[in-house]
Amino acid sequence: MISRKALGVVLIVSMAPMVSSVMAAKGFSYSFVDAGYQYTSGDPENLKVGLVNASFGIFDYVALRAGFQRGKIEDYPPSEARNGDDPDFTEYQAGVRGHYPLMKKKLDVFGTGTWFYNSINSNSSGVSSISDAGGLFDVGVRFQATKKWELDAAVEYRTGDYDGTFGVVESIYKITKKLSISLNTRQNSDIQKYFGGLRLDF
């Protein structure tokens with residue numbers, strides 16, 4: 001059930017802050033929450049979700065990750081095959097990121113392994129509720145371009161029904177010491193994702 005699969009994410013979110021402030025490494029922050037809106041352009045369906053992603057820097061070179069997203073899938077399946085509202089989409093994520101400074105406070109390299117579980121639920125005739133699970137794996141860099149602006153780049157591979165390799169670019173601009181504007185995109189030949197939101201460091 002979804003409630004059981006979500007338990008691991010809830011435990012990470014509830015327990016990690018207890019040690020993150022003590023054990024986190026100096027330099028780039030790995031204890032933060034991103035919250036915002038993501039639009040996915042696919043073929044033929046599009047996906048609109050609100051999401052929350054959290055990172056907890058529990059050791060010098062290790063951070064725990066957790067995520068949740070929920071929204072609607074447009075044109076799934078094609079409109080002529082369904083009768084009713086767009087189906088709901090829900091996804092849970094939990095993972096671990098390793099990171100290492102190449103240039104102190106200027107350039108970090110990282111690698112991440114993340115488990116995900118998602119479901120599509122609909123009350124519309126002609127649409128069956130389905131679920132999918134798999135992994136997300138990425139390698140990339142975080143670059144402090146200026147005092148307030150961070151630019152990140154990565155290559156990400158996703159397994160499951162929507163498997164594929166994505167190029168990822170992320171921009172973080174500080175508004176205050178703890179609050180930033182967060183923008184990113186994930187691109188491949190079939191699927192394009194665009195995220196906009198806020199990052200809160202803690």
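Let us look at the structure shown here. (Residues numbered from 1 in each chain as written. Predicted model: local features only at pLDDT ≥ 70, side-chain atom pairs only at ≥ 80, totals over all residues. Heavy atoms only, no water.)

**Re the side chain of E150**
On the secondary structure map, E150 appears in strand β7 (residues 149-158). A polar contact of 2.7 Å, which involves the side chain of E150, links it to the side chain of R142. Setting aside anything within four residues of it in sequence, one finds E150 in contact with F28, R142, F143, Q144, A145, E170, S171 and I172. (Helix = DSSP H or I, 4+ residues; strand = E, 2+ residues; numbered from the N terminus. Polar contact = N/O pair within 3.5 Å; in protein donor to acceptor, adjacent residues only side chain to side chain. Contact = heavy atoms within 4.5 Å.)

**Here we look at unusual backbone geometry**
Located in the positive-phi region is K105, a residue other than glycine, with phi close to 65°. Assignment of secondary structure puts K105 in the loop between β4 (88-103) and β5 (107-121). Judged by its relative accessible area of 56%, K105 falls in the exposed class. (Buried < 20%, exposed > 50% of the residue type's maximum accessible area, 1.4 Å probe, protein only.)

**With respect to the side chain of R97**
Of note, R97 is situated in strand β4. Reaching out from R97, the side chain makes a polar contact with the side chain of T112 at a distance of 2.6 Å. A polar atom in the side chain of R97 sits 3.4 Å from the side chain of D138. Ignoring anything within four residues of it in the chain, the contact list for R97 reads Y30, Y61, V62, A63, R65, F110, G111, T112 and D138.

**Some details on the sheet that holds strand β1 (residues 32-41)**
Pairing within the closed barrel is antiparallel, and its ten strands lie in the order β1-β2-β3-β4-β5-β6-β7-β8-β9-β10. If you compare each strand with its neighbour and ignore which way they point, the axes differ by 20° on average. In terms of strand pairing, β1 meets strand β10 (residues 192-201) through ten bridges, oriented antiparallel. Residue pairing for β10: A35 is matched across the bridge by L198. (Pairing = 2+ DSSP bridges. Axes fitted to C-alpha atoms, helices over the stretch in contact; angles between N-to-C directions.)

**Overview of the packing of aromatic side chains**
Tallied over the entire structure, the rule returns three aromatic pairs. With a centroid separation of 5.4 Å and an interplanar angle of 40°, the aromatic rings of Y61 and Y100 are classed as tilted. On the criterion of sequence distance, the pair formed by Y61 in the loop between β2 (46-59) and β3 (62-74) and Y100 in strand β4 is long-range, its members being 39 residues apart. For Y100, a relative accessible area of 47% corresponds to the partly exposed category. (Phe/Tyr/Trp six-rings, centres within 6.5 Å; stacked < 30°, edge-to-face > 60°.)

**Let's talk about the pattern of salt bridges**
For the structure shown, the criterion picks out eleven salt bridges. In this structure, D34 engages R199 in a salt bridge whose closest nitrogen and oxygen atoms are separated by 2.8 Å. Here R199 lies in strand β10 and D34 lies in strand β1, a separation of 165 residues in the sequence. R199 carries the same exposure label as D34, and that label is buried. (Salt bridge = Lys/Arg side-chain N within 4 Å of Asp/Glu carboxyl O.)

Shape is all these values report; function is a separate question.
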